[in-house]
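The chain contents come next:
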Amino acid sequence: MKLLIIEDNLKLLEAITQTLQTEKYLCETATDFSAAHEKIFLYQYDILIVDINLPDGSGLDLIREAKKQNPSTGIIVISARNSLSNKIEGLELGADDYITKPFDMAELVARIKALLRRRNFSGTDIISFNNISINTASRQVFANGRHIELTKSEYDILLFFFSNPNRVLTRESIAEHIWGDNMDLADSFDFIYSHIKNLRKKLAAAVKNVPIKAVYGIGYKLDTTPPHETD
Amino acid sequence: MDTNSIQPHPMKLIKQTYKYTSLWIIPIIVIGSLFSYFIIEFIAYEEVDEFLTYEMERLVKYHKEYNDLPDFHKLEKVIEDVKYDSPVFKDTLILEPGDNEMVPYRQLWFSINHNGRDFTLVLQHLLLGRDDIARGAFLIISGLALLVVFFTFLSVTRVTGKIWNPFYDTLHKITRFKISEPVPRFSSSDIDEFNALNSTLNVLLKKTTEDYRHNKEFNENASHELQTHLAVIKANAEALLSSPKGNAEELESVRKIYSAATQLSQVQKSLLLLSKINNREFSNNVNLNFEEPLRNVLGLFEETIDIREIELTHSTEPCNVFMDAGLAEVLANNLVKNAVKHNIQKGFISIKLTADMLEIENSGTPHAGNPELLLLRFSKGENGNSGIGLAIVKEICDLYNFKIQYEIKNAIHKITIFFG
């Protein structure tokens, strides 16, 4: 999987690159419009992550160019301008997703994986850990072969975990993942807690070890290290 | 938005001009009438005196020649043995038997010597009545004044429309002016004052739009920089939180950094939204049914409402409002969010949407003090929340002239918005 990350802030670029490298993606970077333009022209990428505001041009023009060069490239726009018009314009030009700064790395990873699944790069719609599997095409969850009925939020949270195995998901990032900007994060921790409690209860009915672990004071984590058989 | 656009009304200025000009006719008529009265009176005396003098001279001359008076004379009376050294004019009133009225006469008293005896002769002539003169003077002057006024107004009406045209043109353009649009071009005129007005307005509007643009750019740039750096802080904090090496104390510090950065970013987004609403940057107004954003928002919060075991009742009717679709979403979202957030376990939310108002009632905690203050920016709630959500609601209502009411009675909160 080859990605091109276009972001002019070096520190952010570094953070994004490091995160995505741990996900085993092949990352290339560009810090300005002209460098990005050249790379898009010369090489093929599966996914482009584009900051709209670049010192020497607009990311929107890069989207246009990339779509011309290779229409199958997936494009995720990142922007600090939380403006609707930018978003609409970006999506109209052929971007697949739009994410506003500051975003959580877990969110970016989840978006990239969702995009890859939609483009069917990974070849399968099924993600599984520890006998729990999610069919992302039919939005169904099975645990030990049993179908588990989940609410929309519970499903979204579970998929978010599965997209970020072994990464600590803060309560803030989970809240932002389900409600976006529609909820004040600090007030939503109770709701997150209830959602996860219900989710674990439903999974526990089918599997012995629910891999979702609480990380005290911070959030939760999907622990994929195989459970010790202690019988 | 120019809901109170003033329709140019050329008659207003002219009517006012007429009104004040008309008042000036009164002194003109009074002074003019007095003046004419005295002139006419003076001329009348002059004429009568002259006539009487001629008559006197004719009689004296005749008497000298023929030592007798002519057959035909106008002597009123002849008084014997009285002598005036020189002729004397006298005014007198004589009763006119015809209409039983005292009528003014002018008399000339003079003496002649006839055969050694003195005789005083009296000539008299009718004078113009003072009331007649007054009436005449008044009628003449009033007629004249009215004639002058009539033709003046006629010409002023004709000319004003033409002269004030550039002024109304300017007025029309500035009432229609929107801050986000380029400064209008005012038509030039051959009147210095209007040109001065137009160029002053032009400078002012240019300055205003420039300030507006700078402010907008500043907001966007500040936001961009801030959010980018917050993204760096969050990304690094997140990496530390995920690293298995940290000890509990360090993780707690990192968590605080992370959550402060998250909150800062949210507050900044809300403030940016507020200032954008304030700057009227959302002007893509359309006719929409408010049921739609309301339904979307209720879908979004459905599970949250379930978790709290909140009883939701809602009745909606089609409600047409003319507003920006994005702001309608924000409005519905912030109202419902507020009702969910400040609710209690097993509480209730009741939503009523009619053709011209939205009423959201919810259980909550008692609140001492004026609930309307909760609509203000940065008013602190009991959890220390900066109430930006409701401030945004208020800002949107202000933008569209919706009336908003916030009441709290026995821990039941009720927000009502009257559209239109």
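This one's a predicted model, so the numbers in the text were calculated from it and none came from an experiment.

## Describing the packing of aromatic side chains
Under the counting rule described, the total for this entry stands at 14 aromatic pairs over all chains. Seen from their ring centres, B:Phe167 and B:Tyr168 are 5.4 Å apart, and the 75° between their planes marks the pair as edge-to-face. Through pairs of rings, three or more aromatic residues link up here, namely B:Trp164, B:Phe167, B:Tyr168 and B:Phe194. Against the face of A:Tyr45 rests A:Lys2, its NZ or CZ located 5.0 Å from the ring centre. A cation sits over an aromatic face here: B:Lys90 above B:Trp109, 3.8 Å from the ring centre.

## Details of the domain arrangement of chain A
All names here are of chain A. In terms of domains, chain A is made up of domain 1 (2–118) and domain 2 (126–222). For domain 1 and domain 2, the distance between their C-alpha centroids amounts to 27 Å. Contacts between the two partners involve 13 residues from domain 1, matched on the other side by 14 residues from domain 2. The junction of domain 1 with domain 2 conceals about 930 Å² of combined surface from both sides, 43% of it contributed by carbon and sulfur atoms. For the interface between domain 1 and domain 2, the tally reads one salt bridge. Across the salt bridge formed by Arg-167 and Glu-23, the nearest N and O atoms sit 3.2 Å from each other. Within the residue set of the side of domain 1 that touches domain 2, elements represented by two or more residues are α1 (10–22) and α5 (105–118). Among the elements that make up the side of domain 1 that touches domain 2, the one with the highest residue count is α5 (seven residues). Broken down by class, the residue content of the side of domain 1 that touches domain 2 amounts to five nonpolar, three polar and five charged.

## Considering the packing of helix α7 (residues 325–341) of chain B against helix α8 (residues 388–399) of chain B
Residues and elements named next belong to chain B. One way to put it is that α7 packs onto α8 with a least axis distance of 9 Å and a crossing angle of 140°. In terms of orientation, α7 and α8 fall into the oblique class. Considering how the two elements wind past one another, α7 and α8 form a crossing that is left-handed. Where α7 approaches α8, its residues Leu-327, Val-330, Leu-331, Asn-334, Leu-335 and Asn-338 are matched on the opposing element by Gly-389, Leu-390, Ile-392, Val-393, Ile-396, Cys-397 and Leu-399. Residues belonging to the contact of α7 with α8 are distributed by class as follows: 10 nonpolar, three polar and no charged.

## Regarding the interface of chain B and chain A
Facing the 36 residues of chain B at the interface are 42 residues of chain A. Taken together, both faces of the contact between chain B and chain A bury some 3,600 Å²; the carbon and sulfur share is 56%. At the surface where chain B touches chain A, the tally comes to one salt bridge. The partner of A:Asp104 in a salt bridge is B:Lys234, and the shortest N-O contact between them spans 3.6 Å. Where chain B touches chain A, the interface holds 10 residue pairs in polar contact (both at pLDDT 80 or more). Within the residue set of the side of chain B that touches chain A, elements represented by two or more residues are α4 (192–242), α5 (248–278), α6 (291–307) and α7 of chain B. A class-by-class count of the residues in the side of chain B that touches chain A yields 11 nonpolar, 15 polar and 10 charged.

What counts and what doesn't
Residues numbered from 1 in each chain as written. Chains lettered and ligands numbered in written order. Predicted model: local features only at pLDDT ≥ 70, side-chain atom pairs only at ≥ 80, totals over all residues. Heavy atoms only, no water. Phe/Tyr/Trp six-rings, centres within 6.5 Å; stacked < 30°, edge-to-face > 60°. Lys NZ or Arg CZ within 6 Å of the ring centre and 35° of its normal. Domains from an automatic or database assignment. Contact = heavy atoms within 4.5 Å. Buried area = accessible area lost by both parts, 1.4 Å probe. Salt bridge = Lys/Arg side-chain N within 4 Å of Asp/Glu carboxyl O. Helix = DSSP H or I, 4+ residues; strand = E, 2+ residues; numbered from the N terminus. Nonpolar A, V, L, I, M, F, W, Y, C, P; charged D, E, K, R; others polar. Axes fitted to C-alpha atoms, helices over the stretch in contact; angles between N-to-C directions. Parallel < 35°, antiparallel > 145°, perpendicular 65-115°, else oblique. Left-handed = near helix turned anticlockwise from the far one by under 90°. Polar contact = N/O pair within 3.5 Å; in protein donor to acceptor, adjacent residues only side chain to side chain.

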